[in-house]
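# Structural features, examined
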Amino acid sequence: MTFDDDHGTARLAATLHGVRENRGLSANALADLSGVSRAMIGKIERGEAQPTAALLGRLIGPLGLTMSELFTRVEGPRNRLARRADQPLWTDPETGYQRRAVSPPDGHLQLVEVELPPGRSVSYPPDPFVRTHHQIWVLEGRLRFREGDVDHDLSAGDCLELGSPQACTYTNPGEAPVRYLVALAKKA
């Protein structure tokens, strides 16, 4: 399953629109809370624009979601087995960052495999990390992870547990793609 086709974009658009309305937020209110323009929110919710990872990161915090929770809602009904062919894959249109939801939807533990192209970065505000324990395990390559003002240089096999929620940036400083696994567990 991929989110990069028209059907996937439409499901993502409908999910974001539905969550915003269920939270009782107008597009203007979400724009004020996220710093994303009302016009861009409208384009995303109509499926006219494919949002970047950074843009989604700004939208999901005020909506009370993590990225994994958002994509779980887009994926649909729960199944305890997530076969690779059925694992949703999303590609950031700006950076080429690929995000695969490895674990079955709606579980308490969310596993996400990411491939970040060389020389690319993806940044997130702290909001998506407030309600989760978050670890990063590098599978291949090198990853520079900026957590607030601290840089962590990680190589294959290294695993980092994040501290308190802060703005963060994932950067691939290498010449080959970096693959890493993000493990998220909901806080009690």
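An account of the accompanying structure is given in this report. Keep in mind the model is a prediction, meaning the values are calculated, not measured.

## Topic: the overall build of the protein
Within the protein, the regular secondary structure consists of 5 helices and 10 strands. The C-alpha radius of gyration computed for the protein amounts to 16 Å, which stays within 12% of the reference 16 Å derived for 188 residues, consistent with globular compactness. Taking contacts inside the protein between residues at least 6 apart in sequence as the whole, the part at least 24 apart equals 66%. With the model as given, the accessible surface of the protein reaches about 9200 Å², and the carbon-plus-sulfur share is 50%. Considering the protein, the positive charge centre built from 22 side chains and the negative charge centre built from 24 side chains are found 4 Å apart.

## Observations regarding helix α3 (residues 38–45)
Helical periodicity: at 3.6 residues per turn, an α-helix aligns residues three or four positions apart in one direction. Taken together, the buried positions of α3 are occupied by Ile-41, Gly-42, Ile-44 and Glu-45. What you see down the axis of α3 is that its buried residues fit within an arc of 165 degrees, all on one side. Positive phi shows up at Gly-47, right after α3, with a value of about 75 degrees.

## What about the sheet that holds strand β7 (residues 150–155)?
Judged by pairing direction, the sheet is antiparallel, and its 4 strands sit side by side in the order β4-β9-β6-β7 without closing on themselves. One side of each edge strand has no neighbouring strand; the edge strands of this open sheet are β4 (121–124) and β7. The mean angle between the axes of side-by-side strands here comes to 15 degrees, regardless of whether they run parallel or antiparallel. Inspection of the sheet shows β4 paired to strand β9 (residues 168–171) by 4 bridges, in the antiparallel sense. Each residue of the ladder has a partner; that of Tyr-124, found in β9, is Cys-168.

## Re the sheet that holds strand β5 (residues 132–140)
Spatially, the 6 strands line up as an open sheet ordered β1-β2-β3-β10-β5-β8, and their pairing is antiparallel. If you trace the sheet from one side to the other, it starts and ends with β1 (89–91) and β8 (159–161), each paired once. Taking each pair of neighbouring strands and ignoring which way they run, the sheet shows an average axis angle of 20 degrees. Of the strand pairs in this sheet, β1 and strand β2 (residues 98–101) are connected by 3 bridges, and their pairing is antiparallel.

## A word on the nonpolar core
Within the largest apolar cluster, 43 residues are counted, with the highest numbers of intra-cluster contacts made by Tyr-97, Leu-116, Tyr-124, Leu-143, Phe-145, Tyr-170 and Tyr-180. Here this core gets 5 residues from one element, more than from any other, and that element is helix α4 (residues 53–60). Setting aside residues no more than four positions away along its own chain, Tyr-180 makes contact with Tyr-97, Val-112, Glu-113, Val-114, Leu-116, Ile-136, Trp-137, Val-138, Leu-139, Leu-143 and Tyr-170.

## Points about the environment of Ala-27
Relative to the helices and strands, Ala-27 resides in helix α2 (residues 27–34). The sequence separation of Ala-27 and Glu-45 amounts to 18 residues, and the corresponding C-alpha distance is 9.7 Å. For Ala-27, the residues in contact, after removing those within four places along its chain, are Arg-20, Arg-38 and Ile-41.

## A word on the pairing of strand β3 (residues 109–116)
Here 4 bridges tie β2 to β3, and the two strands are oriented antiparallel to one another. Directly across from Arg-100, in β3, lies its bridge partner Glu-113. Where β3 lies against strand β10 (residues 178–186), 8 bridges are found, and the strand directions are antiparallel. Residue Gln-110 lies in a different strand from β10, and its bridge partner there is Leu-184.

## Some points on helix α5 (residues 67–75)
In terms of residue burial, α5 counts as a mostly covered element, since 8 of its 9 residues are buried. All of the buried residues in α5 are Met-67, Ser-68, Glu-69, Leu-70, Phe-71, Thr-72, Val-74 and Glu-75.

About the criteria used
- Residues numbered from 1 in each chain as written.
- Predicted model: local features only at pLDDT ≥ 70, side-chain atom pairs only at ≥ 80, totals over all residues.
- Heavy atoms only, no water.
- Helix = DSSP H or I, 4+ residues; strand = E, 2+ residues; numbered from the N terminus.
- Rg over C-alpha atoms; globule rule 2.2 N^0.38 Å.
- Contact = heavy atoms within 4.5 Å.
- Areas by Shrake-Rupley, 256 points an atom, 1.4 Å probe, with all protein chains shown as cover.
- Lys, Arg positive; Asp, Glu negative; His and termini not counted.
- Charge placed at Lys NZ, Arg CZ, Asp CG, Glu CD.
- Buried < 20%, exposed > 50% of the residue type's maximum accessible area, 1.4 Å probe, protein only.
- Arc of directions from axis to C-beta.
- Pairing = 2+ DSSP bridges.
- Axes fitted to C-alpha atoms, helices over the stretch in contact; angles between N-to-C directions.
- Core = buried A, V, L, I, M, F, W, Y, C linked by side-chain atoms within 4.5 Å.

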